Structure formats: C-alpha cells, structure tokens
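Residue-level listing of the chains:
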Amino acid sequence: MTQTSLNRIWVVLFGLVLYGLLLAYGAYTIVLAVPPSTASRAPTGPVTPPLRGSLYAADGTPLAFSTADRQRIYPLGSLAGQLVGFGIVSAGSDQGQGLEGLEGSLNPKLSQGQSLTLTIDPRVQAVAEQALWEGIAQSGSEWGTALVMDTPTGRLLAVANGPAFDPGDISQRGQGARWRNHAFVVALEPGSTVKVLTAAALMNEGLANLNSPVWAPMSRKIDRWTINDVVAHPAGLTLQSVLGYSSNVGISLLAERMTPSTLYGYFTRLHLTEKVRLPGVWSAQPQVRQPAAWGPAEFANASYGQGFLVTPLHLTAAFNTLGNQGRYVAPQLFAQTTPTPPEPVFRPEVTQKILTALEENNVSEARLRGYSLGGKTGTAQVVISQQYSREIYTALYAGFVPAQKPRVTIAIALYHPKGRIHGSQVAAPIYRNIAEQLFTLWGMPPGQKPLE
Amino acid sequence: MNRVLRWGSFYLLLLLIWAGVGALNQNQRLVLSTLNEEKTALEQDYNLLMVTQLQQTSPHRLYRWASQQGYVPLSQGNWQREVGQP
C-alpha cells in the first residue's frame, strides 16, 4: 500500500464521518426542528374559536372588547356598566359566557366574534349617569334609571342605571342588584306620567281640549275604592289644570268620556302592552290587563298610571311619541338597525298643545331659566305582597329637551326614595340636571337657538 | 478512487447545503419566536395604553374635570363670555 493510498483512505474515512454527522444534524434541523411553513399551518386539532366580539358606543369608543389572550376588558368602567353587563371571564381557551346585560343577551352573536355598535353617545351617557347617581345619593333611593332618547329617530343616546356598576370589578357583582339594567328589565307602575297620555288620547278623540272643565273634588269613590288627590286644588278644574295639579280625580272623570277599550287602544298603539322591539335584548314583558277585565276602578287607575306595569323603556318610547308629532318610533339600540317606519298615534296639533301645556305646568324643580323645558311627574306606590306598600314608592319624571320641538325625550325612575318621595322632589331635579348638561353639550345658551 | 472522491465531494456539498438550510431555519424559528414574544408584549402594551387613554379621557373623568374647572353647570356668565356679550 503506497503512502498516497493511505492518505486517500483517511480522506474517505473523514468524509464518511463528516457525512454521518452532517446527515444527523441536517435531519434534526430540517425534520425535527423545522419552522412552521404556511403549508403546515392547516389546523390539525380543534378549531380555535374567534375572539369574542366587541361592543362599541356610537362614536366608536369600545365599551367591551377581548384581548388576544381572551381577557374581557371594559375600558370605560362604570359607563353604561349595567347596559353592557358582564360574563364569565374566559381562561385562555374558550369564548366566555355572557351572563347579564348585553353581554348576556347578545352572547350568541358575541361568541361568534360578531361586534356591535350601539346608539349610545358616551357624553350623553356620562351626563345622564352623573345626574342620576347624584340624584340617587341625595334621595337615598335603592336604585334608579334614566333614559335619553333621540326624539325623531328613537335612538337611545343614554341608558343610565344607578348606583354605579363597573362590570370589570368582580367584587361589585354580588352587591345587590346594582348590576341590573333596570331600564329594560324592571316593570313599574308609571304613575301620573300616564295622565299626559290619557289627556292626549281624549284630545285626539275630540272628547276634550285643554280648557275642558271638570268638577274634581279632592277625593272620589268608585266601587269600594277611594281615589285621592295629593296636591290641594280647587274643585273646578280644566284638563290643563288637571295635569298641573296632577289630579287623579280629575283625569279619571275626564277619562270616562271614552271607553276603556279606547284608552287601551292607545296603550296598544303606544306599544305599552307588548315587549319592546329590540331584537336580542332582554326586556321585561309589560303587565297590562285587557279592558274586558277592567271595572270602573281599574279604568280609573289606568287613566293615571296605576294597575299596570311597564318598563322605563316603554314609558320613554310612549312619551317620545308626544315629542315626535304624535308618531311612535320604536326604540333603537344598535347603530346598524334599520329604523322601523313611524306609526301615527296622535295628531300633531294635539301633541303640540300637550307640549305647551307640559311646559306651562312644569314643576319648579324641572325648570331652567332661559330654556324651554317640560314634562310630567309621577309618584307610584309599589305593590308588595299583592298590595300597595305605604313605604315604597317609585318617583318618576318624563319630559322633553327642549319642550318645544324636542331633540331628546328623557325618562327618570327612582325606586324607593327615602324621606322625600315625590317625582317632583327627587326625579325632576335629575331631569333638569341632564337638560342643563345637554344644553352645554349642544352649545345652546339660554334664550337662544343652538349655535351652528 | 477519483470517482469516489468526486461523489464524496458532491455528497459533502449537498450535506453542507442541507445543514445550512437547517441552520437558517433554526435561526428563523428563533427570530419568529422572538418576534411573537415582542408582538404579544406590544399587544399587551397597546391594550394597556388604550385602556389608560380611554380611562384618562373618559366622559366621566372629563365631566369631573369640567366640574372642577367650573365649566359645568355652565353659568349664564360663562355663556355670555362664550358668545361675546358683555
């Protein structure tokens, strides 16, 4: 064997060893530790569900969204907290489960990754919440709600509930019912606010006008029941002064000019007898008995808002009809929704007279110098264990801003205020506070038209 | 023997290319992993910043600020200054 052959053998051996080592390393790097290629990204295991959909305010502000690690964030905290609601915070892999508010009712859509934009204006929402929360604290109410509706379109600009609730703060979820969207899911007696609707029905039927006289003492017996008035007034009243004194006796006497079916018919056309048409949103069924079941006392009760239950949302939409030239528009909560056509209920000249009467009769607690404000107070007893409580009341106010050619309709309800219980005392100031802030937002100085 | 050397060199070249591709892939994988970590961190930062921004500019906070500054409730005096009246 020559020296050259020996050198070649070492070269070949070295080559073989290197071959083996590189083959092993190459196999490791390419086969075992290969970076994922686009071709290898086809799902092999269970499909990862899409991120839970977001909820946005009308201006695009996120009210609820999910991060890539599937945490649910409520960036504005208590703003519209009860409306937005909350769910189970998902732990990494699933979609979470909405439990309350829109998180609960819209869970089928949100869990499919569908995002929704609400009609809520965050500034109006904040204004309504600040006023409501202050009003609840001052009146000692158990809870309260305030709705602001865009009068021509029925778009809900604010759905405020109180006390404040932050859906991101888990510790607040066990604190009573502060998480509940009372505006939609609690049915209440609307009380004297309904007198305005009764008056509009009478005028629309041609059975009365604002100057129609009525002899209305401070109390009246119907069947075995006695109807009492709260505010002292002379016995000789007109329909307008009946509204001003909020006379139960007066409105019940005037209401007898129409049949119970006629009044119920207006309730039906104002959609007070059916669930509010907000698809996919939880709301309470109103409780209104058929007129066939009304005796004289029940008819009288209905004329001033007792004996039936509607949600504050129902009341807002019904009142909105008066501000919208007598045309009912269904409440809207989603920006993408196609509005339903307005449904005429009252003649425009009737509602115009009603608006004027409401402005003239407005309580001092709901007046604002230099501005046109109007509405109607209500104070309703609450039924506890099949009978009216003597301690628990609901204080209400429903009105317009401005009172002439309204831009928004506002309804306030306070449940179980302590001490001062009347709508004029505790609910009307909240309305005034909201109106004052709205005028600021709109750039509307007192006594002037809005600044362009 | 020359043939063996030629094929050996050819195999060696192929193996070097193969190993080079593998090493490149390893490196890319490392870079991708780092980028993914950075992306996750940036997303968390973005979410935190967005939430902070939304909270700092939330209507409630703005309202409190405006109240402290005396802008709300808007007095008649403020309105008069706004519209240029005496």
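*Asks:* Got a sec to walk through the sheet that holds strand β1 (residues 55-56) of chain A? Specific residues and values, please.
*Replies:* Two orientations exist for strands paired in a sheet by backbone hydrogen bonds: parallel and antiparallel. Residues and elements named next belong to chain A. The strand order across the open sheet built from four strands is β3-β2-β1-β6, with neighbouring strands paired in mixed fashion. Each end of this open sheet is capped by a strand with a single partner; those strands are β3 (72-73) and β6 (116-117). As paired elements, strand β2 (residues 62-66) and β3 share two bridges and run antiparallel to each other. What sits directly across from Ser66, in β3, is Arg72.

*Asks:* Provide a residue-level description of helix α1 (residues 2-56) of chain B, including the pertinent values.
*Replies:* For α1(B), built from 55 residues, the straight-helix expectation of 81 Å at 1.5 Å per residue is met to within 8% by its first-to-last C-alpha distance of 79 Å. Those residues of α1(B) that sit buried are Leu15(B), Ala19(B), Gly22(B), Asn25(B), Asn47(B), Met50(B), Val51(B) and Leu54(B).

*Asks:* Explain the interface of chain A and chain B to me, using residue names and the numbers behind them.
*Replies:* At the junction of the two partners, chain A supplies 48 residues and chain B supplies 36 residues. Contact between chain A and chain B buries roughly 3,300 Å² in total, counting both sides, with carbon and sulfur atoms accounting for 73%. At the junction of chain A with chain B, the criterion picks out zero salt bridges. In this assembly, chain A and chain B are joined by two residue pairs in polar contact (both at pLDDT 80 or more). Sorting the residues of the side of chain A that touches chain B by element identifies α1 (3-32), β2, α5 (122-139) and α14 (423-442) of chain A as the ones contributing at least two each.

*Asks:* So what's going on with the pairing of strand β8 (residues 156-162) of chain A? Which residues, and what values?
*Replies:* All names here are of chain A. Most of β8 sits out of view: seven of its seven residues are buried. When strand β7 (residues 143-150) meets β8, the two strands line up antiparallel, connected through six bridges. Across the sheet, Met149 pairs through a bridge with Leu156, a residue of β8. Taking the residues that link successive antiparallel strands as the turn, the β7-β8 hairpin has five residues, and the phi of Gly154 there is positive, at about 80°.

*Asks:* Please give an account of the pattern of salt bridges that cites residues and values.
*Replies:* Oppositely charged side chains are able to pair whenever their charged atoms sit close together. All names here are of chain A. Summed over all chains, the structure comprises seven salt bridges over all chains. With a shortest N-O distance of 3.1 Å, Arg52 and Glu103 are connected by a salt bridge. Separated by 51 residues along the polypeptide, Arg52 in the loop between α1 and β1 and Glu103 in helix α3 (residues 101-105) bring together distant segments of the chain. The same class applies to Arg52 and to Glu103, which are both buried. The partner of Arg277 in a salt bridge is Glu343, with the nearest N and O atoms 3.0 Å apart. One end of the pair, Arg277, is in the loop between α10 (260-269) and α11 (296-303); the other, Glu343, is in strand β14 (residues 343-344), and 66 residues separate them in sequence. The exposure class assigned to Arg277 is partly exposed, which follows from its relative accessible area of 40%.

*Asks:* Give a description of the sheet that holds strand β17 (residues 408-415) of chain A that names residues and reports values.
*Replies:* Residue and element names in this part refer to chain A. Read from one edge to the other, the open sheet built from five strands follows the order β8-β7-β17-β16-β15, with strand pairing classed as antiparallel. If you trace the sheet from one side to the other, it starts and ends with β8 and β15 (374-384), each paired once. Neighbour to neighbour, the strand axes of the sheet diverge by 15° on average, direction disregarded. Contacting β7, β8 and β17, α5 runs over the sheet at an angle of about 25° to β8. Where helix α13 (residues 348-361) meets the sheet, its contacts fall on β15 and β16 (387-401), and the angle it forms with β15 comes to roughly 80°.

*Asks:* How would you explain the nonpolar core if you had to name every residue and give the values?
*Replies:* One broad trend across soluble globular proteins is that nonpolar side chains are buried collectively. All names here are of chain A. Phe184 and Leu333 are the most contacted members of the largest nonpolar core, which has 100 residues in total. Tallying contributions element by element places helix α7 (residues 194-204) first for this core, with eight residues. For Leu333, the residues in contact, after removing those within four places along its chain, are Leu83, Leu102, Thr117, Leu118, Thr119, Ile120, Leu156, Phe184, Leu278 and Val281. Among the nonpolar cores identified, the runner-up in size contains 34 residues, and Trp133, Ala146, Leu157 and Ala366 belong to it.

*Asks:* Can you lay out the side chain of Ser389(A) for me, pointing to particular residues and giving the numbers?
*Replies:* As for its position among the elements, Ser389(A) is in strand β16. Once residues within four sequence positions are removed from consideration, Ser389(A) is found in contact with Gln381(A), Val382(A) and Ile384(A).

*Asks:* Describe the confidence of the model for chain B, and please don't skip the residues or the numbers.
*Replies:* For chain B, mean pLDDT is 84; residues scoring 70 or higher make up 84% of the total. The least confident element of chain B, judged by mean pLDDT, is helix α3 (residues 76-82) of chain B at 57; the most confident is α1(B) at 90.

*Asks:* Before we move on, can you summarise the pairing of β17(A) with the specific residues and values?
*Replies:* Residues and elements named next belong to chain A. Of all eight residues in β17, eight are buried, a share of seventy percent or more. Side chains Val408, Ile410, Ile412 and Leu414 of β17 all project onto a buried face; the interleaved residues Thr409, Ala411, Ala413 and Tyr415 project onto the opposite face, where all are buried too. Pairing of β7 with β17, which is carried by eight bridges, proceeds in the antiparallel orientation. When the sheet's bridge partners are listed, Trp143 is paired in β17 with Tyr415. Hairpin connection of β16 to β17: six residues between the antiparallel strands, including Lys405 at a positive phi of 50°.

*Asks:* Please provide a residue-by-residue account of α13(A), values included.
*Replies:* For an α-helix the count is 3.6 residues per turn, leaving residues at separations of three or four pointing the same way. Relative to the 20 Å expected for 14 residues at 1.5 Å per residue, α13(A) spans 20 Å between its end C-alpha atoms, a close match to the ideal helical length. Among the structural elements, α7, α8 (239-245), α12 (312-323), β15 and β16 of chain A are those in contact with the buried residues of α13(A).

About the criteria used
- Residues numbered from 1 in each chain as written.
- Chains lettered and ligands numbered in written order.
- Predicted model: local features only at pLDDT ≥ 70, side-chain atom pairs only at ≥ 80, totals over all residues.
- Heavy atoms only, no water.
- Pairing = 2+ DSSP bridges.
- Helix = DSSP H or I, 4+ residues; strand = E, 2+ residues; numbered from the N terminus.
- Expected span 1.5 Å × (residues − 1).
- Buried < 20%, exposed > 50% of the residue type's maximum accessible area, 1.4 Å probe, protein only.
- Contact = heavy atoms within 4.5 Å.
- Buried area = accessible area lost by both parts, 1.4 Å probe.
- Salt bridge = Lys/Arg side-chain N within 4 Å of Asp/Glu carboxyl O.
- Polar contact = N/O pair within 3.5 Å; in protein donor to acceptor, adjacent residues only side chain to side chain.
- Axes fitted to C-alpha atoms, helices over the stretch in contact; angles between N-to-C directions.
- Core = buried A, V, L, I, M, F, W, Y, C linked by side-chain atoms within 4.5 Å.
- pLDDT = per-residue confidence, 0-100.

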